[in-house]
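Single-letter residue listing:
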Amino acid sequence: MPFAPCYLLLLGCTCVMSTYGPHQRAQMTGDILLGGLFPIHFGVASKDQDLAARPESTQCVRFNFRGFRWLQTMIFAIEEINNSSTLLPNITLGYRIFDTCNTVSKALEATLSFVAQNKIDSLNLDEFCNCTDHIPSTIAVVGAAGSAVSTAVANLLGLFYIPQISYASSSRLLSNKNQYKSFMRTIPSDEYQATAMAEVIEYFQWNWVIAVASDDDYGRPSIEKFEKEMEERDICIHLNELISQYMEDLEIQALADRIENSSAKVIVVFASGPDMEPLIKEMVRRNITNRIWIASEAWASSSLIAKPEYLDVVAGTVGFALKAGHIPELKEFLQQVQPKKDGHNEFVREFWEETFNCYLKDSPRRQESDNGSTSFRPLCTGEEDITSVETPYLDYTHLRISYNVYVAVYAIAQALQNILTCTPGHGLFANNSCADIKKMEAWQVLKQIRHLKYTNSAGGKVNFDENFDLGANYTIINWHRSAEDGSVVFEEVGYYNVYSKRGGKLVIDKTKILWNGFSLEVPFSNCSEECEPGTRKGIIDSMPTCCFECSECSDGEYSNHKDASICIKCPNNSWSSGNHTSCFLKEIEFLSWTEPFGIALAICAVLGVVLTAFVMGVFVKFRNTPIVKATNRELSYLLLFSLICCFSSSLIFIGRPHDWMCRLRQPAFGVSFVLCISCILVKTNRVLLVFEAKIPTSFHRKWWGLNLQFLLVFLFTFVQVMICVVWLYNAPPSSYMNHDIDEIIFITCNEGSEMALAFLIGYTCLLAAICFFFAFKSRKLPENFTEAKFITFSMLIFFIVWISFIPAYFSTYGKFVSAVEVIAILASSFGMLACIFFNKVYIILFKSSRNTIEEVRCSTAAHAFKVAAKATLKQGTVSRKKSGSSGGSSASSPSSSVSLKTNGNGGETPSGRKKPRVSFGSGTVMLSLSFEESRRGSLM
């Protein structure tokens, strides 16, 4: 037969495959076979292979009691399913479970047996092979534990679409479904754990930590994610180290040196127990006890580290553990283990020997002991009481990884149940067909598990997300020392809810945490001492951002919590306190009626009004006296009224500014002053023109009557009024709060337009300059007719005040701006009142002898004489010059005589009184004024 050689070859392969894989295993046949990968040992013995002889398989060392419990949990779950009448009835589940020894090479060796068997079955050789010991294909694999091991296994199983459900591999790289097509897990991804650890660091306000990770596919991705989370929170990592259980002693010592010399007291570790053990041993040897360890779930409850002899170093560890579950009747199952009963589980014998520190009869390890490779151990009977010893195997108080194994087995069983009960037309496969459970393949089981949604016996919902991960929460534990026997106690102190909103995910009860095993005070792990409130963190050159110096907040800024990155600027209406920890409301200031300065200015203004009113009263009472008449009493009344307005306008500058006050005070001041100066200007100019005219004519009387004088005053004032109207229309002043001054808010007036204010004051000063010019020109006129000299002084005072006002106005701020303007108004008003009127009032009240018509005539005569004398002297000088040029033929008279006559009565008046005479040289000048009363009144 042509197929005979092939048949014999394949039959031989089938027999070989039935025994392929590591020699030590747990195996039981069944209708459907599940694979299992568990770390029954922590590692392999390091042995150089010089290839001088055939290479031998490496030996696994250090028995892992927790790993054995996980294996037992898988067996318990399978037996429970086989004994169930509702789940997979009439179908028996079998298993093939291998030891990975926490090593990739051992795990791949076991995985090849799963893959090879499936490959043989895919050739459909049933017609050629009727072997009674034929082992069915492995339709799913539970495992492995370590992420690095699961990564290697997933690459191989994914080629054949064999579903793999890990119970402890949390590397976020395994969420890549493009690369790991058939990988699933019942443990949350480290994507969440790295974030949770960063939140714990932030919660305790640490910013200076050490990061340690295992040098594999579990540690490297985790620490990379952790670094990003720390960077987002402005937390610095001082040291970033990789470790492995296979590191040389010198490397471990160098790492311990760096940790010991670091100022960071918090060490975050993403590593497994075996990888951590060498470092912890070195830390214990050096007695480095003032460190806080933050443990990932891979070693948060590791029996390798959680030992009483290590507690001086690791007490107070804060770890992330998986949420514990409850498995009914598992306790009894674990206690029933016995070498004589569990013949299908070859790991039981080694477990028994390691637990009781003995050797069973015919044990291969006994031969090694006889050769001196291990210490002496007595023989075991195999019937010892397992409950009489303390072992991590029986630590079922907090089932975390064991529960994940239990869930993984039941997830596969539930998927098989869905295949078994599938109704044609409602399946997951082509044309909604169903898989045949007797001829199903691994890829069909994978499809069914991906769409699995069910509620387990404990009421928990089981379904895989888009990354084929089961969502879960973390329990935060704290390592305490038991007061009874000194062992490690895992105290639950909080939890981390992956699905809560940000800010509510992390919950920690700080009162339950014992730091370093005894202290309730949170340790300090910062690069710099914390900055007290009122200061901020300042950058130090060439140092990380977590290393800073504390700088006091600037004035107007505050910080009310420790370690503030920036100082917060106080609101506009507030200012920082002396220690810059808070803000207080600024004091509001303005030129108030109640403050001494405001009261003094108000008193001065009222005094000015009263004095002006008094002068007006005097002028009204003595209105028919020569001095009052001589000063043009109608304009004097108007001038006194304008001075009252000037004094009154200064009161508008006092008090809390409001919009109406701001719009009123500058126009009131400007119009009042223009009215005042206009009166002085018209009065002074009129007298000057009259006296400069040789003979007062009807033209002067007509054009310089009262009507024209008031018209000119009105026109001058109207210009100022129009300036104010345009100002108020285009840019009206308004009140505003000036926040530019420290600790004080000045309520002032915003003038709206500085140019308009300049026009207002400039126009007033222009009129004052013209008035000063006319007053200066008429300063030698008779004093009884005009106050020319005093007006000149008043205008000088006015200019001095307002020229000084300009720089003072622009150099002051706040309420002093109003005060400066009030002082300027009052000073210039008092100057004009005193210079123009006080002398007149003094004469009227105290020198009534000078307030007569004769005094007025004498003053006028004296002025006329002086003018005539100057004219005569000038004419004589001219005549002498002419005579000198003609030869001096004519002689000049020794005296000159000037006579002003209004009638022909010579030197006497009609009343018989003698005319006033003034001697000048050798001649006599007789002056006479005989204007009618009405005419004189018009001139005055």
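Residues numbered from 1 in each chain as written. Predicted model: local features only at pLDDT ≥ 70, side-chain atom pairs only at ≥ 80, totals over all residues. Heavy atoms only, no water.

Enquirer: I keep staring at the overall build of the chain and nothing clicks. Help me out?
Expert: When you go through the chain residue by residue, the secondary structure sums to 25 helices and 29 strands. Looking at the chain residue by residue over its 940 residues, the buried ones come to 49%. Taking the contacts inside the chain whose residues are at least 6 apart along the sequence as the reference set, 70% of them involve residues at least 24 apart. Accessible area for the chain stands at about 45300 Å²; split by element, carbon and sulfur atoms hold 56% of it. (Helix = DSSP H or I, 4+ residues; strand = E, 2+ residues; numbered from the N terminus. Buried < 20%, exposed > 50% of the residue type's maximum accessible area, 1.4 Å probe, protein only. Contact = heavy atoms within 4.5 Å. Areas by Shrake-Rupley, 256 points an atom, 1.4 Å probe, with all protein chains shown as cover.)

Enquirer: Can you walk me through the sheet that holds strand 1 (residues 25–28) in this structure?
Expert: Paired through their backbone hydrogen bonds, the strands of a sheet run either parallel or antiparallel. Judged by pairing direction, the sheet is mixed, and its six strands sit side by side in the order 1-5-2-6-7-8 without closing on themselves. The open sheet has two free edges, formed respectively by strand 1 and strand 8 (183–185), since each of these has just one partner strand. Sheet twist, expressed as the average angle between the axes of neighbouring strands with direction ignored, equals 20°. Pairing of strand 7 (residues 164–166) with strand 8 involves three bridges; the strand directions are parallel. In the strand pairing of strand 8, Ser 166 is matched with Arg 185. (Pairing = 2+ DSSP bridges. Axes fitted to C-alpha atoms, helices over the stretch in contact; angles between N-to-C directions.)

Enquirer: Explain the sheet that holds strand 16 (residues 474–481) to me, please; I cannot follow it from the model alone.
Expert: Strand order across the open sheet formed by eight strands is 10-9-11-12-13-16-17-18, with mixed pairing between neighbours. Looking at strand neighbours, the two that pair on one side only are strand 10 (236–243) and strand 18 (506–508), the edges of this open sheet. With strand direction ignored, the average angle separating the axes of adjacent strands in the sheet is 30°. In the sheet, strand 13 (residues 318–322) pairs with strand 16 via five bridges, with the strands oriented antiparallel. Residue pairing in the sheet places Ala 321 in a bridge with Thr 475 of strand 16. Against the sheet, helix 8 (residues 273–286) makes contact with strand 9 (208–214), strand 10, strand 11 (266–270) and strand 12 (292–295), and its axis sits at roughly 175° relative to strand 12, the strand it touches most.

Enquirer: Any chance you could explain the state of the cysteines here in plain terms?
Expert: Among covalent bonds in proteins, the disulfide is the one between the sulfur atoms of two cysteines. One pass over the full model with this rule turns up nine disulfides. Bridging Cys 570 to Cys 583, the disulfide has an S-S length of 1.8 Å. Around the S-S axis, the bridge from Cys 570 to Cys 583 shows a dihedral of about -75° and counts as left-handed. Linking Cys 570 in the loop between strand 22 (568–569) and strand 23 (574–576) with Cys 583 in strand 24 (residues 583–585), this pair joins segments that are 13 residues apart in sequence. The class of Cys 583 is partly exposed, set by a relative accessible area of 27%. The disulfide partner of Cys 662 is Cys 749, and the gap between their sulfur atoms is 1.8 Å. Disulfide Cys 662-Cys 749: the torsion about the S-S bond is -75°, which places it as left-handed. Of the two residues, Cys 662 sits in helix 18 (residues 659–692) while Cys 749 sits in strand 27 (residues 744–750), which places them 87 residues apart along the sequence. By the burial criterion, Cys 662 is buried, and Cys 749 matches it. (Disulfide = S-S within 2.5 Å.)

Enquirer: Hey, could you run me through the packing of aromatic side chains in this one?
Expert: What characterises a pair of aromatic rings is the spacing of the ring centres plus the angle enclosed by the ring planes. With the rule as written, the count across this model stands at 30 aromatic pairs. Summarising the aromatic geometry, the rings of Phe 68 and Tyr 393 are spaced 5.4 Å apart at their centres and angled 40° between planes, so their arrangement reads as tilted. Linking Phe 68 in helix 2 (residues 65–82) with Tyr 393 in the loop between helix 12 (364–370) and helix 13 (401–420), this pair joins segments that are 325 residues apart in sequence. Judged on exposure class, the residue Phe 68 and its partner Tyr 393 are both buried. Between Phe 647 and Phe 830 the ring centres are 4.7 Å apart and the planes differ by 65°, which places this aromatic pair in the edge-to-face class. (Phe/Tyr/Trp six-rings, centres within 6.5 Å; stacked < 30°, edge-to-face > 60°.)

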